[in-house]
Amino acid sequence: MNIALIEPIGIPEESVRALARPIEEAGHIFTYHDTKTTDPDELARRSAGQDIVMIANNPYPAAVVEASSDLKMIDVAFTGIDHVALDACRARGIAVCNCAGYSDVAVAELSVGLAIDVFRKVVAADAVTRQGGTSAGLMGREIAGKTVGIIGTGHIGIQTARLFAAFGARVLGYARHESEAARAAGIVHTPLDELLAESDIISLHLPLNDATRGFIGAAELARMKPSAILINCARGPIVDEDALANALEAGKIAGAGIDVFDGEPPLAKADHRLLSAPNAVLTPHVGFLTEEAMERRARIAFDNVTAWLAGAPQNVCAL
């Protein structure tokens with residue numbers, strides 16, 4: 001079969017070649033493209049004649065799926081698959097596999113890190129220090145003794161809960177389906193309204209789908225404490241960005257740590273309100289981006305290909 005990795009996945013090329021060697025030794029043809037592209041024509045060119053295409057988190061639109069007549073499987077080196085044209089894949093019987101779990105630790109650690117940044121005013125303190133200032137106006141807050149609300153108690157939510165609990169926080173959770181694993185991690189499941197009203201820190205860990213798009217809007221933000229902060233390292237469209245900017249500007253919540261946005265960074269300075277919102281710490285979608293996570297996802301991605309070729313597909317998300 002013909003297999004193509006059509007964009008880099010965060011590891012050196014020699015590592016890519018080493019992971020691909022068993023596939024090539026089994027008689028399959030592997031092609032690697034070491035540059036990213038979002039151009040549909042170029043994506044279609046790279047996908048032409050391929051039975052399996054490996055991608056990361058750049059969009060893979062319907063036009064490319066429809067133009068790739070030999071395509072049988074899309075191997076997504078990412079957790080979310082909302083950037084793939086799933087309806088077009090289903091219409092063609094193309095399986096979509098992901099790399100769930102590779103970034104659980106990385107995203108959980110950034111979620112806690114952003115909470116610390118907001119509570120302890122790390123970004124503001126750095127700027128003040130560089131300008132020759134003092135600690136005046138930089139009174140912070142502690143996580144210990146606070147209530148943390150985890151919205152979405154899957155693997156990443158559970159890992160995040162464990163880290164917050166280690167700081168001495170009480171952890172509440174909300175999910176459509178409660179799990180024994182979440183309870184074992186010390187998460188106390190509560191109704192959403194109760195979680196919003198009681199939490200000092202709310203951390204989002206939901207997938208993006210029709211049910212979660214705009215999940216946190218003006219009404220939900222209004223239920224939060226004025227002293228509470230919101231952390232989003234999940235998916236940008238889960239939060240209504242204008243509603244969040246309004247809440248920050250009006251002091252209805254105390255701050256936010258945001259790693260994901262409606263669109264991928266770079267953000268347009270002229271019209272993105274969160275760039276000027278008070279008490280917001282922003283990062284350009286780096287939650288998954290650690291050396292360890294990149295190595296894990298590469299191994300999982302190539303394992304997905306090997307499993308598919310062996311007739312025992314794994315991590316199948318859509319078919």
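The structure reproduced in this document is the subject of the present report. (Residues numbered from 1 in each chain as written. Predicted model: local features only at pLDDT ≥ 70, side-chain atom pairs only at ≥ 80, totals over all residues. Heavy atoms only, no water.)

**Description of the packing of helix 5 (residues 104-120) against helix 7 (residues 155-166)**
A pair of packed helices is captured by two measures, namely the crossing angle of their axes and the spacing between those axes.
Link 1 in the chain: In contact at an axis separation of 8 Å, helix 5 and helix 7 are set at 45° when each is read in the N-to-C sense. Between helix 5 and helix 7, the angle falls in the class oblique. Viewed along their axes, helix 5 and helix 7 form a crossing whose handedness is right-handed. Facing helix 5, whose interface residues are Asp 104, Val 105, Val 107, Ala 108, Glu 109, Ser 111, Val 112 and Ala 115, helix 7 presents His 155, Ile 156, Gln 159, Thr 160, Leu 163 and Phe 164. (Axes fitted to C-alpha atoms, helices over the stretch in contact; angles between N-to-C directions. Helix = DSSP H or I, 4+ residues; strand = E, 2+ residues; numbered from the N terminus. Parallel < 35°, antiparallel > 145°, perpendicular 65-115°, else oblique. Left-handed = near helix turned anticlockwise from the far one by under 90°. Contact = heavy atoms within 4.5 Å.)

**With respect to the nonpolar core**
Link 1 in the chain: The biggest cluster of nonpolar side chains holds 48 residues, and the ones touching the most others in it are Phe 30, Tyr 60, Ile 74 and Val 96.
Link 2 in the chain: The greatest single-element share of this core, amounting to seven residues, is contributed by helix 12 (residues 291-309).
Link 3 in the chain: Val 96 has contacts with Ile 74, Val 76, Ile 81, Val 84, Leu 86, Cys 89, Asn 315, Val 316, Cys 317 and Ala 318, leaving out every residue within four places of it along the chain.
Link 4 in the chain: Counting 29 residues, the second-largest nonpolar core is a separate cluster that includes Leu 195, Leu 206, Ile 216 and Leu 230. (Core = buried A, V, L, I, M, F, W, Y, C linked by side-chain atoms within 4.5 Å. Buried < 20%, exposed > 50% of the residue type's maximum accessible area, 1.4 Å probe, protein only.)

**What to know about the pairing of strand 1 (residues 2-5)**
Link 1 in the chain: Relative to strand 2 (residues 29-32), strand 1 runs parallel, the two being bridged by four bridges. Each bridged residue has a counterpart across the sheet, and for Ile 3 the counterpart in strand 2 is Phe 30.
Link 2 in the chain: This β-α-β element, strand 1 to helix 1 (residues 13-25) to strand 2, shows right-handed connectivity.
Link 3 in the chain: Pairing geometry for strand 1 and strand 3 (residues 52-55), over three bridges, is parallel. If you follow Leu 5 over to strand 3, its bridge partner there is Met 54. (Pairing = 2+ DSSP bridges. Right-handed = clockwise from strand over helix to strand, strands pointing away.)

**Things to note about the side chain of Thr 190**
Link 1 in the chain: Mapped onto the elements, Thr 190 comes out in the loop between strand 8 (188-189) and helix 9 (192-198).
Link 2 in the chain: The exposure class of Thr 190 is buried, given its relative accessible area of 10%.

**Looking at the layout of surface pockets**
Link 1 in the chain: Looking at the second largest pocket, its volume works out to about 280 Å³.
Link 2 in the chain: Along its surface, the second largest pocket is lined by 15 residues, and Asp 117, Val 118, Lys 121, Asn 279 and Ala 280 are the ones closest to its centre.
Link 3 in the chain: Contributing elements (two or more residues each) for the lining of the second largest pocket: helix 5, helix 6 (122-130) and strand 12 (280-282).
Link 4 in the chain: For the lining of the second largest pocket, a count of residues per class yields 10 nonpolar, two polar and three charged. (1 Å grid on protein atoms, 1.4 Å probe; cavity = no way out; pocket = protein on both sides within 12 Å on 5 of 7 lines; lining within 4 Å. Points joined across faces, edges and corners; volume = space filled by probe spheres on them. Nonpolar A, V, L, I, M, F, W, Y, C, P; charged D, E, K, R; others polar.)

**Here's the deal with the packing of helix 1 against helix 12**
Link 1 in the chain: Orientation of helix 1 relative to helix 12, taken along the N-to-C sense of each, is 10°, at an axis distance of 10 Å. If you check the angle between helix 1 and helix 12, you find them roughly parallel. Contacts between helix 1 and helix 12 involve Val 16, Leu 19, Ala 20 and Ile 23 from the first element and Ala 298, Arg 299, Phe 302, Val 305, Thr 306 and Leu 309 from the second.
Link 2 in the chain: Among the residues making up the contact of helix 1 with helix 12, the classes are represented as eight nonpolar, one polar and one charged.

**Some words on the sheet that holds strand 12**
Link 1 in the chain: With parallel pairing, the seven strands of this open sheet are ordered in space as 8-7-6-9-10-11-12. Each edge of the sheet is formed by a strand with only one pairing partner; in this case those strands are strand 8 and strand 12.
Link 2 in the chain: Of the pairings in the sheet, the one linking strand 10 (residues 229-232) to strand 11 (residues 255-258) comprises four bridges and is parallel in character. The partner of Ile 229 across the bridge, within strand 11, is Gly 255.

**Some words on helix 1**
Link 1 in the chain: Helix length check: helix 1, at 13 residues, gives a terminal C-alpha distance of 18 Å against a target of 18 Å (1.5 Å per residue), a fit within 8%.
Link 2 in the chain: Helix geometry: helix 1 is bent most strongly at Leu 19, by close to 35°, with proline Pro 22 lying one to four residues after it.
Link 3 in the chain: Within helix 1, burial applies to Val 16, Ala 20 and Ile 23.
Link 4 in the chain: Each element contacted by the buried residues of helix 1 is listed here: strand 1, strand 2 and helix 12.
Link 5 in the chain: Of the residues flanking the end of helix 1, it is Gly 27, one or two places downstream, whose phi is positive at about 100°. (Expected span 1.5 Å × (residues − 1). Bend = angle between axes of the 7 residues up to and from the residue.)

**A short note on the pattern of salt bridges**
Link 1 in the chain: This model, assessed by the stated rule, comprises 15 salt bridges.
Link 2 in the chain: Glu 13 is paired through a salt bridge with Arg 17; the nearest N and O atoms lie 3.2 Å apart. Of this pair, Glu 13 and Arg 17 both sit in helix 1, four residues apart, roughly one helical turn.
Link 3 in the chain: Since its relative accessible area comes to 31%, Arg 17 is described here as partly exposed.
Link 4 in the chain: Of the charged contacts in the structure, one is a salt bridge between Arg 223 and Glu 220, with a shortest N-O distance of 3.9 Å. On the criterion of helical spacing, the pair formed by Arg 223 and Glu 220 is a turn pair, its members being three residues apart in helix 10 (residues 218-223). (Salt bridge = Lys/Arg side-chain N within 4 Å of Asp/Glu carboxyl O.)

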